Amino acid sequence: MKLDHINLDQLQISPLNVRKRGGGEVADLLPSIRAMGIIQPLLVRANCEGYEIIAGQRRYNALKALAEEGITHPVPCAIMEDGDDAAALEASLAENFARLPNSELDEYRAFADLIGKGMAVEAVAARFGVSERYVKQRMAIAGIIPPILKAYEEGDIRPDIIRALTLASKKKQKEWWKAIKSDDPHVPTHSAHHLKQWILGAKLLTIHALFDEAEYTKPIIGDLFGEERYFSDEKLFWELQNTAIAAKRDSYRIEGWASVHILEIGERWLSWEHVRVPFDKGGYVFIETAMDGEVKCHEGYLSQKDYDRRQKAKSKDNGTTKAARPELTQAMENYLGLHRHAAVQAELLSKPDIALRLSVAHMVAGSPLWSVKADHRKANNDAVAESVAVSQAVAAVSEEQKAVRELLGLNPITEDAEQEDGADAEDDEAGYGYYGYACVRDSGNLVPSGNDYGLSRDLAMIFDALMEMDDATVMRVLTLAIAESLSAHSTMVGKLGAIFQTDMRNWWQPETTFFDLLRDKEAINGMVREVSGENAADCNVTATVKVQKKIVTDCLEGKRTSKVANWIPRYLAFPAQGYTERFAPSMSVVVPAMGEDDDNLAKVA
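So, about the overall build of the protein. Looking only at helices and strands, the protein features 26 helices and 13 strands. Sorting the 605 residues of the protein into buried and exposed places 45% on the buried side. Considering only intrachain contacts with a sequence separation of at least 6, the fraction spanning at least 24 residues in the protein is 71%.

Below, the structure is given as structure tokens:
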């Protein structure tokens, strides 16, 4: 390389010069060149027409502008050896890095040329004092389709948009370019942030993972122009994240926290709706999971509602704390109690010896008048009433009621017979009659219930009928009467079910009303664990109640693999069990300790 002065008309811009735009912006150079001339020589090399400028395009353009004003200066130049294209590119790029910034496209083309001539990315980065990532960022532009690059070069697309598009496949770029042309409102065209989300199709940042990234077996999408990295497979991410959240919940329980509540994905935990309550005062933990996978644990809080309830309970009970929210709602308690009652009633029909002893117990521990009436199974709502009414257990009892009533002559008289007996239209609308006795309503029970308004029966007639029967038939009548008068939701339902070892699979099948009445998310997750396994329960711990119920029903319907056959919820076992520490059984669930008399009952059973 040698230094020399060359006339301006012998110089021209080299095609190897990396600056493609901005070379004409010389206003900042003119004052100093007017005053002092060219201080730093232009880097040139000889060609067939004179000399081509490798580095110094702006200084050359400034000299041309001054020449038009009549100001001329000799042009000091450093003349390079012939044939050294790679060195020329390096010199041009290095010179321009320290001056007016190149466009990313200019830098990409220069880097690409150097790498194309055999220089490694590491060497390019070291030569120009930039990071390897910087070089890779520029090289990422190689994946941009030509029409987008052309629009960028013409200034129609911003650099931040180009950077976002380096994350997109060529197919996705074409889709975006088409949206640009058609003004498609569903595709982001002006916001790099939203464009990046649209390209990736996910917002699951790796920094939010609670699990070890080594467990994630699918690709992780890196952003060369930002620090963010994204999980590409949403389903796998949530399986791993939910499992980690379940482990965190279990850890809190082991530590002794009063309760751990896992919010559904995207459900907000609002600080102003909660009151700070420390660990030793019974505070809860709330685990909040955002849509982008970020998990926040809020330790030592109560909802305002729970806090107010506790304060009210303390004022009533002289400082004692009210129990946590029960696992079962009143409607579910009602549903379970009636189904359990119906099953025990049905099984009592085949155990007359038990019925005999139970009737004696009624006599000993009866009311002052010892009146007996059938339990009318009051339901909380129409859905519960319909579910119980169509159950197998109620059907079994109904069949026995018809047979025993016929033995006693208590079947309703027909409309024709009623008319023959002189019953008028008012009696006909009122209901059935028994041997000429009109009634308002007859439930069909052997033993009248509170719903059998106006029902009248002839005691002597019934006694006469019983006198005609053998002991076995009388025992059959007595057994039905005792079964009908067994009170629902009572401790005797639970006690008898335990003695009979009642298996509710014989009397109950999973059905819509049961799942509609399920409310407790933690209990439902426990059911998922029973029917679909630990992994499914943990992987769906933040899923909605609807999703988790669907997993259970799909297993029961054979749409998913079930871990158990002929599943029944723990609530319907004898004795019943719950799925959380908050399970508070109803009266019909409790099975008191058996005494000597109970042992005798069990032996007879």
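Here the narrative resumes.
With omega at -5°, the peptide bond leading from Phe-574 into Pro-575 counts as cis. You can see Pro-575 is positioned in the loop between α25 (545-556) and α26 (596-604). Although it is not a glycine, His-489 sits at a positive phi angle of roughly 65°. Judged by relative accessible area, which is 27%, His-489 ranks as partly exposed.

With that settled, consider the nonpolar core. Within the largest apolar cluster, 65 residues are counted, with the highest numbers of intra-cluster contacts made by Leu-408, Phe-514 and Tyr-571. Sort the elements by how many residues they give to this core and helix α13 (residues 330-348) lands first, with ten residues. In this structure, Ile-144, Ala-151, Tyr-152 and Leu-167 belong to the second largest nonpolar core, which totals 24 residues.

Sheet strands pair by backbone hydrogen bonding; their relative direction is either parallel or antiparallel. Spatial ordering of the open sheet is given by β8-β10-β11-β9, a layout of four strands whose pairing is mixed. Strands at the two margins of the open sheet, each flanked by one partner only, are β8 (260-262) and β9 (274-276). Strand-to-strand twist across the sheet, computed as the mean angle between neighbouring axes with direction ignored, equals 45°. Bridge analysis of β8 against strand β10 (residues 284-289) gives three bridges, and the strand direction is parallel. The residue bridging Ile-262 from the neighbouring strand is Ile-287, located in β10. Lying over the sheet, helix α12 (residues 304-316) contacts β9, β10 and β11 (295-303), oriented at roughly 25° with respect to β11.

The next thing to look at is the pattern of salt bridges. According to the stated counting rule, one finds 19 salt bridges in the structure shown. The partner of Asp-233 in a salt bridge is Lys-218, and the shortest N-O contact between them spans 2.9 Å. Of the two residues, Asp-233 sits in the loop between β7 (229-231) and α11 (234-255) while Lys-218 sits in the loop between α10 (192-200) and β6 (220-222), which places them 15 residues apart along the sequence. Judged by relative accessible area, Lys-218 falls into the partly exposed class, the value being 38%. Linking Glu-557 and Lys-559 is a salt bridge whose minimum nitrogen-to-oxygen distance equals 3.3 Å. No difference in accessibility class separates Glu-557 from Lys-559, as the two residues are exposed.

Our next topic: the sheet that holds strand β5 (residues 75-79). The five strands are arranged β1-β5-β3-β4-β2 in an open sheet whose pairing can be described as mixed. On the outer flanks of this sheet lie β1 (2-6) and β2 (11-13), each paired with one strand and no other. On average, each strand axis in the sheet is tilted by 45° relative to the strand beside it, whichever way the strands run. Direction of pairing for β2 relative to strand β4 (residues 50-55): parallel, over a ladder of three bridges. Looking at β4, one finds that Gln-12 is bridged to Glu-52.

What the rule picks out here adds up to 15 aromatic pairs. Ring plane angle 50° and centroid distance 6.4 Å describe the contact between Tyr-284 and Phe-286, whose orientation is recorded as tilted. Using a relative accessible area of 8% as the deciding quantity, one classes Phe-286 as buried. A connected cluster of aromatic rings, assembled from ring pairs, spans Phe-211, Tyr-216, Phe-231, Phe-237 and Trp-238. Cation over ring: Arg-276 sits above Tyr-301, and NZ or CZ is 4.8 Å from the ring centre. Just above the ring of Phe-500 sits the side chain of Lys-351; from NZ or CZ to the centre is 4.8 Å.

What counts and what doesn't
Residues numbered from 1 in each chain as written. Predicted model: local features only at pLDDT ≥ 70, side-chain atom pairs only at ≥ 80, totals over all residues. Heavy atoms only, no water. Helix = DSSP H or I, 4+ residues; strand = E, 2+ residues; numbered from the N terminus. Buried < 20%, exposed > 50% of the residue type's maximum accessible area, 1.4 Å probe, protein only. Contact = heavy atoms within 4.5 Å. Core = buried A, V, L, I, M, F, W, Y, C linked by side-chain atoms within 4.5 Å. Pairing = 2+ DSSP bridges. Axes fitted to C-alpha atoms, helices over the stretch in contact; angles between N-to-C directions. Salt bridge = Lys/Arg side-chain N within 4 Å of Asp/Glu carboxyl O. Phe/Tyr/Trp six-rings, centres within 6.5 Å; stacked < 30°, edge-to-face > 60°. Lys NZ or Arg CZ within 6 Å of the ring centre and 35° of its normal.

So yeah, pure geometry; function would need other evidence.
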